[in-house]
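Residue strings, one per chain:
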Protein chains: 2
Amino acid sequence: MRTPLSSTRFLQRSSRLLSTKPPAMHPLTAASLNPAILNVEYAVRGELAIKAEEYRNQLKNPDHGLPFDRVISSNIGNPQQKGLDQAPITFVRQIAALMEYPALATLAPTAFPGDVLARASELQSEIGSIGAYSHSQGVPYIRHNVAKFIAERDGFTGPYAEYSDPNAIFLTAGASAGVSLLLSMLIASPNDGILIPIPQYPLYTATIAQFEGKPIPYYLSSSLSAGWSTSVSDVRDALAKAKSEGVNPKALVVINPGNPTGSVLDRGTMEDLVKICEEHSLVLLADEVYQDNLHARVSFTSFKKVAHALQSPAPLISFHSTSKGVLGECGRRGGYFECTNISPEVLALIYKMVSVGLCPPLQGQIAVDTLVRPPKKGEPSYSVWKEETGAIHKALAERTSTMTTRLGSLPGVKCYPSPGALYLFPEITLSQKAVEKAKEKGKAPDAMYALELLDETGICVVPGSGFGQKEGVWHYRLTCLCPGVEEYVGKLEKFHKGWVERYGA
Amino acid sequence: MRTPLSSTRFLQRSSRLLSTKPPAMHPLTAASLNPAILNVEYAVRGELAIKAEEYRNQLKNPDHGLPFDRVISSNIGNPQQKGLDQAPITFVRQIAALMEYPALATLAPTAFPGDVLARASELQSEIGSIGAYSHSQGVPYIRHNVAKFIAERDGFTGPYAEYSDPNAIFLTAGASAGVSLLLSMLIASPNDGILIPIPQYPLYTATIAQFEGKPIPYYLSSSLSAGWSTSVSDVRDALAKAKSEGVNPKALVVINPGNPTGSVLDRGTMEDLVKICEEHSLVLLADEVYQDNLHARVSFTSFKKVAHALQSPAPLISFHSTSKGVLGECGRRGGYFECTNISPEVLALIYKMVSVGLCPPLQGQIAVDTLVRPPKKGEPSYSVWKEETGAIHKALAERTSTMTTRLGSLPGVKCYPSPGALYLFPEITLSQKAVEKAKEKGKAPDAMYALELLDETGICVVPGSGFGQKEGVWHYRLTCLCPGVEEYVGKLEKFHKGWVERYGA
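Worth saying up front: this structure is predicted, and the values here are computed from it rather than measured.

*Asks:* I would appreciate a short explanation of the overall build of chain A in the present structure.
*Replies:* Secondary structure summary: chain A contains 18 helices and 16 strands in total. The C-alpha radius of gyration computed for chain A amounts to 24 Å, which stays within 12% of the reference 23 Å derived for 505 residues, consistent with globular compactness. Classification of the 505 residues of chain A by burial places 63% in the buried group. For chain A, the share of sequence-separated contacts (at least 6 apart) that also reach a separation of at least 24 residues comes to 73%. Accessible area for chain A stands at about 17700 Å²; split by element, carbon and sulfur atoms hold 54% of it. Both charge centroids of chain A, one from 49 positive and one from 48 negative side chains, sit 5 Å from each other.

As structure tokens, then:
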């Protein structure tokens, strides 16, 4: 019989084994640990997510007494989670299943289209068993396919390896693992700084804290007409301020399309950012995991393409993932980063570090291969693939549009356009009364908003304070992944109106 | 057309993109990186492994001019790699395939035994899609199954959660990821030390270097009758010496069964080691990934069981993996660690840190579930499972025995008994002439032995210097995974005899 796992009870039962003989001295306390760990914060899976998990368990009891009948986890970009409706792409899963159990090709040949059988057989001959460690940098053949994808995506017409070098590509366990590795290498002293956008995806502040560097925030601007944007002069100001304070800037993080903002950079801004990296000897860390999540009339331009056109010598590392886009394969932990203008000496050090971890998960690597080599027109799998991916893009675009309009119509709410990624990041005006109430409770005002939203509706969002925001301005982030958008937005509206009644606009 | 990937050419082609406009200044050099990174060494995938990869590519050319026709990677415990003969366990892969593509249960029901279909359906209802992020600590249901497995393995007869708490278990991307995380948390200052056996698996020295702690070596002893053993007084001496030098010991690493030694600890020694941890406020890090690889008349006793019997309050973290044992599923990156006598406060910090990385790979988690819940007698999959796992155990035992005897009969070679794990760690006497020749070449003498072995036979092993050894004593580590043991050992014998002719015994 399975004990239900409540998140509050998450830790209650440990170290009671020996309750008959309590330890005289318990050497392992938080105070004895690496102090950097204590400064790490990751709001996406923080207090609210833990409380949501508690409610989810409570709902299993018919007499739960809660004012909602399900918890909706809008706090995390996890498209295939229970309760959301994004099914996996059939092509991806058919190949994955054949890689797991190659005998299926003869046991159940009719269960798979011909192109899937051929693809799986090709991958098997390149890789062998997916139960073996691969090359630490990732299967060479898959890295070649990634390089080809990058060259084609960016419109490069020569031999792909002249544009993107498979030996400078590292497959990873999701983009996060790559970001963490690179930051651990770049931060050489507590005085080293990393420029990050604010608001940012909290992986960056968490990892900078872990490796004891200094975040150098540059604030993004928002306007109802243009959405969120990056001001090059604000980046320059942030740099100058950091230098004047004795901080040594090492890298510039850019998230494009933006998380949590959903913004998409224009080419001029991208060029200026590349030039700043050149001028100030910064490594450009381009988080481009949402490059395939575009739901307005915008297209994606990679930093690789921009840097190449400028013939820039700026070191560039760009990240991609199988967790977002139309695949949404978060659970298999797949991704890659590509290094441009990185010296062989430094690449060899990166290789050494990844070799200690042996290799990225093979099913993540296989998913990367599928990401960069989807079925082509005329192939048996193409029509299903086209239909499935089209439906995902369409649903996301429609939800984003509906949610933006409706949330933006609420009193005291500004919902900026979000042409990319999976999120909205509405700004909420919070009254003096609400701010004081939050202070009383020892919460950030937007965290109180998010907590009351969860308590009342079962909808879990992340308060803006988890991402960073300008002082005195409040937001929350929610995903645009929830099905039944009418009912969902209806709940958000009803809650917000009640909030305004309680605390004023 | 795929460019063959030579490992020496591994990095040659990068950063040449912009050769027309060489950067005036290349800010990212090894000297600008975290200096701790430079001190990391990981011999298992070091110089020899890279050279082996080169030879493997060279062999694709019919006129390769090499004195062998295949490379045998005996440097790494990777049972399913190409060229070795360990096939995956069918039960594991059938479940994995159904988790990838649940439609197979209706598309090809006859391809799967009934218990596999039932198990997959149960896991699907617990987990949902394996394309979703799970709980950061791992799927709760799988953690419950792990706890049950631990209790049953250790002969605990009460309710399993009283012996092993699912909330104190963390599923990981292989054991390495867990070891790395824990060491990053335990090392709080450059003065903090970690006791490690010498010889050791180089993950430990690599990770301690990365997080800037101090390794505190305790040397294992070897004898032809008793094999490798751990002397409790040597551990005490190492502790005293470290303390006298101002080092602050935080944890004791024990690898049991041993890597690279293959030794299995006796219960008395284990009890003493637990007591040392109590006395000196050390965390016991028990690397037990080879617990199922026992091929002599020995049985495995876990540190959990020993600590429990002693009612010890010593904090204990034990690691297990899906990469070794009979599964040998290295590529999916699965494993777990169990925390005992660790405070809720510290568990919460571990949880926070794993949440930044989102979750371990789901196929690794599924493999952990299969590891802890193999088919039972009477179930449809049992007989195939029994046959497959029996054949793996038998082959390993036979190879280990043959190799130990034959290598141990060579002049100047001592091959200690290896009742556990996957390796032999023969000691080789190297003549003064050989030592001088190695010095000339700037190599460790055992590295020169291993390099000449590779050049002559295509067999890749790891020199003892990669694991640590007493001064002036030389070894190498090789796996017992290679099929065709007669031919394989024949090559090792022939090489060794030639070596003795060249350099003397």
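From this point, things continue past the structure.
*Asks:* What am I meant to see in the interface of chain B and chain A here?
*Replies:* Often, the extent of an interface is quoted as the loss of accessible area on bringing the components together. Opposite the 129 residues of chain B that make contact, chain A presents 129 residues. Buried surface at the junction of chain B and chain A, both sides included, amounts to about 10800 Å², of which 61% is carbon and sulfur. On inspection of chain B and its partner chain A, the count reaches two salt bridges. Between Arg332(A) and Glu100(B) there is a salt bridge whose closest N-O contact spans 2.9 Å. Taken together, the links from chain B to chain A amount to 40 residue pairs in polar contact (both at pLDDT 80 or more). Sort the elements by how many residues they give to the side of chain B that touches chain A and helix α13 (residues 344-356) of chain B lands first, with 11 residues. A breakdown of the residues in the side of chain B that touches chain A according to their chemical character gives 66 nonpolar, 41 polar and 22 charged.

*Asks:* What is the right way to look at the relation of the copies chain B and chain A in this model?
*Replies:* One copy of the chain maps onto the other through a rotation about an axis followed by a shift along the same axis. Rotating chain B by 180° and translating it 0.0 Å along the rotation axis places it on chain A, where the RMSD comes to 0.0 Å. What the rotation and shift describe, once combined, is the action of a two-fold rotation axis. Residues of chain B ranked by C-alpha distance from the rotation axis are headed by Ala97(B), positioned 2.1 Å from it. Comparing interface residues between copies, 100% of those in chain B also sit at the interface in chain A, which points to an isologous, same-surface contact.

*Asks:* Just checking my understanding: could you explain the sheet that holds strand β4 (residues 214-219) of chain A for this structure?
*Replies:* Strand pairs in the sheet, formed through backbone hydrogen bonds, run parallel or antiparallel to each other. All names here are of chain A. Within the open sheet, the seven strands sit side by side as β2-β10-β9-β8-β7-β3-β4. Their pairing is mixed. Strand pairing shows two members of the sheet lacking a second neighbour, β2 (169-172) and β4, which therefore form its edges. When the angles between neighbouring strand axes are averaged without regard to direction, this sheet yields 20°. Contacts from helix α10 (residues 232-244) reach β3 (192-198), β4 and β7 (248-255), with the element oriented near 150° to β4.

*Asks:* I would appreciate a short explanation of the pairing of strand β8 (residues 283-287) of chain B in the present structure.
*Replies:* Each regular strand shows side chains that alternate between the opposite faces of the sheet. All names here are of chain B. With five of its five residues buried, β8 lies for the most part within the structure. Here β8 shows two buried faces, one formed by Val283, Leu285 and Asp287 and the other by Leu284 and Ala286. Summarising the sheet, strand β7 (residues 248-255) and β8 pair through five bridges and their orientation is parallel. By the bridge assignment for β8, alanine 251 is matched with valine 283. Read from β7 through helix α11 (residues 267-279) to β8, the crossover connection turns out right-handed. Note that β8 and strand β9 (residues 316-321) share four bridges and pair parallel.

*Asks:* Would you mind going over the sheet that holds β7(B) with me for this structure?
*Replies:* Residues and elements named next belong to chain B. In spatial order, the strands read β2-β10-β9-β8-β7-β3-β4; together these seven strands make up an open sheet with mixed pairing. For this open sheet the edge positions go to β2 (169-172) and β4 (214-219), each flanked by a neighbour on one side alone. Taken pair by pair, the neighbouring strands of this sheet meet at an average axis angle of 20°, ignoring direction. Bridge analysis of β2 against strand β10 (residues 335-340) gives four bridges, and the strand direction is antiparallel. Bridging across to β10, isoleucine 169 finds its partner in glutamate 338. The sheet strands contacting helix α6 (residues 140-153) are β2, β9 and β10, and the helix crosses β2 at an angle near 110°. Here helix α9 (residues 203-210) sits on the sheet in contact with β3 (192-198), β4, β7 and β8, set at roughly 165° to β3.

*Asks:* Where do I start with the UniProt feature "domain: Aminotransferase class I/classII large" (unreviewed entry) in chain A in this structure?
*Replies:* The sites that carry the UniProt feature "domain: Aminotransferase class I/classII large" (unreviewed entry) are, in the present numbering, residues 119-480 of chain A. The annotated region residues 119-480 of chain A carries 43% helix and 18% strand content, and the separation between its end C-alpha atoms amounts to 33 Å.

*Asks:* Would you take a moment to explain α10(A) for this structure?
*Replies:* A turn of α-helix holds 3.6 residues, and therefore any two residues three or four places apart point the same way. All names here are of chain A. Given a rise of 1.5 Å per residue, 13 residues ought to cover 18 Å, and the 18 Å separating the end C-alpha atoms of α10 matches this to within 8%. As for α10, its buried residues are in contact with β3, β4, β7 and α11 (267-279). Trailing α10 by a residue or two, glycine 246 shows a phi angle of about 85°, which is positive.

*Asks:* How do you make sense of the state of the cysteines when you look at a structure like this?
*Replies:* Disulfide: a covalent bond connecting the sulfur atoms of a pair of cysteines. All names here are of chain B. Summed over the entire model, instances satisfying the criterion amount to zero disulfides over all chains. Counting only cysteine sulfurs, cysteine 480 is the nearest neighbor of cysteine 415, a cysteine outside any disulfide, at a range of 8.0 Å. On the basis of relative accessibility, which here comes to 6%, the residue cysteine 415 falls in the buried class. With no disulfide of its own, cysteine 482 lies 10 Å from the sulfur of cysteine 480, the closest cysteine sulfur. Classification of cysteine 482 by relative accessible area gives buried; the value is 1%.

*Asks:* Could you clarify how one ought to interpret the packing of aromatic side chains in this entry?
*Replies:* How two aromatic rings sit relative to each other is given by the distance of their centres and the angle of their planes. Residue and element names in this part refer to chain A. Throughout the structure, instances matching the rule amount to 32 aromatic pairs over all chains. Here tryptophan 228 and tyrosine 416 contribute two aromatic rings whose centre-to-centre distance is 5.4 Å and whose plane-to-plane angle is 75°, an arrangement assigned as edge-to-face. Here tryptophan 228, found in strand β6 (residues 227-229), pairs with tyrosine 416, found in the loop between β11 (413-414) and β12 (423-424); they are 188 residues apart in sequence, far enough to count as distant. Of the two residues, tryptophan 228 and tyrosine 416, both sit in the buried class. With 6.2 Å between their ring centres and 45° between their planes, phenylalanine 495 and tryptophan 499 make a pair best called tilted. Here phenylalanine 495 and its partner tryptophan 499 are both found in helix α18 (residues 485-503), four residues apart, which amounts to about one turn of the helix. Relative accessible area serves as the criterion here: at 1%, phenylalanine 495 is assigned to the buried category. Aromatic rings pair up to connect Tyr449, Tyr476, Phe495, Trp499 and Tyr503 into one cluster. Its guanidinium or amino end placed over the ring of tyrosine 163, lysine 304 lies 5.2 Å from that ring's centre, counting from NZ or CZ.

*Asks:* What exactly am I supposed to notice about the confidence of the model for chain A here?
*Replies:* Considering every residue of chain A, the mean pLDDT works out to 91; 95% of them sit at 70 or more. Under the prediction, the complex receives an ipTM of 0.91, its pTM being 0.92.

*Asks:* Help me understand unusual backbone geometry in this model?
*Replies:* With the exception of glycine, the majority of residues adopt a negative phi angle, and the majority of peptide bonds are in the trans configuration. In this structure, the amide linkage connecting Asn256(B) to the following residue, Pro257(B), adopts the cis form with an omega of -5°. For Pro257(B), the location among the structural elements is in the loop between β7 and α11. A cis amide bond links Asn259(B) with the next residue in sequence, Pro260(B), at an omega value of 10°. Its location among the elements puts Pro260(B) in the loop between β7 and α11. A positive phi is found at Arg333(A), a non-glycine position, where the angle reads about 55°. In this structure, Arg333(A) sits in the loop between β9 (316-321) and β10 (335-340). With a phi close to 65°, Ala421(B) is a non-glycine residue in the positive phi region. Given the relative accessible area of 1%, Ala421(B) is considered buried.

*Asks:* Before we go on, may I ask you to explain the packing of helix α8 (residues 174-186) of chain B against α13(B) in this structure?
*Replies:* Between two packed helices, what matters for the description is the angle formed by their axes and the separation of those axes. Residues and elements named next belong to chain B. Packing of α8 against α13 brings their axes to within 11 Å, and their N-to-C directions diverge by 120°. The orientation of α8 with respect to α13, classified from their angle, is oblique. With respect to the hand of their crossing, α8 and α13 are arranged in right-handed fashion. For the pair formed by α8 and α13, the contact residues are Leu181, Leu182 and Met185 on the first element and Leu349, Ile350, Met353 and Val354 on the second. Tallied by class, residues from the contact of α8 with α13 come to seven nonpolar, no polar and no charged.

*Asks:* For this particular structure, what's the right way to read the environment of Leu182(B)?
*Replies:* Residue and element names in this part refer to chain B. Secondary-structure assignment places leucine 182 in helix α8. Look at leucine 182 and you get buried, because its relative accessible area is 4%. Remark: the alpha-carbon pair of leucine 182 and aspartate 69, spanning 113 residues in sequence, is separated by 43 Å. Setting aside chain neighbours within four positions, we find leucine 182 in contact with Ile317, Phe319, Phe337 and Ile350.

Rules of the game
- Residues numbered from 1 in each chain as written.
- Chains lettered and ligands numbered in written order.
- Predicted model: local features only at pLDDT ≥ 70, side-chain atom pairs only at ≥ 80, totals over all residues.
- Heavy atoms only, no water.
- Helix = DSSP H or I, 4+ residues; strand = E, 2+ residues; numbered from the N terminus.
- Rg over C-alpha atoms; globule rule 2.2 N^0.38 Å.
- Buried < 20%, exposed > 50% of the residue type's maximum accessible area, 1.4 Å probe, protein only.
- Contact = heavy atoms within 4.5 Å.
- Areas by Shrake-Rupley, 256 points an atom, 1.4 Å probe, with all protein chains shown as cover.
- Lys, Arg positive; Asp, Glu negative; His and termini not counted.
- Charge placed at Lys NZ, Arg CZ, Asp CG, Glu CD.
- Buried area = accessible area lost by both parts, 1.4 Å probe.
- Salt bridge = Lys/Arg side-chain N within 4 Å of Asp/Glu carboxyl O.
- Polar contact = N/O pair within 3.5 Å; in protein donor to acceptor, adjacent residues only side chain to side chain.
- Nonpolar A, V, L, I, M, F, W, Y, C, P; charged D, E, K, R; others polar.
- Least-squares fit on C-alpha atoms with pLDDT ≥ 70 in both.
- Pairing = 2+ DSSP bridges.
- Axes fitted to C-alpha atoms, helices over the stretch in contact; angles between N-to-C directions.
- Right-handed = clockwise from strand over helix to strand, strands pointing away.
- UniProt positions renumbered as here; feature names shortened; annotations may be inferred.
- Expected span 1.5 Å × (residues − 1).
- Disulfide = S-S within 2.5 Å.
- Phe/Tyr/Trp six-rings, centres within 6.5 Å; stacked < 30°, edge-to-face > 60°.
- Lys NZ or Arg CZ within 6 Å of the ring centre and 35° of its normal.
- pLDDT = per-residue confidence, 0-100.
- Parallel < 35°, antiparallel > 145°, perpendicular 65-115°, else oblique.
- Left-handed = near helix turned anticlockwise from the far one by under 90°.

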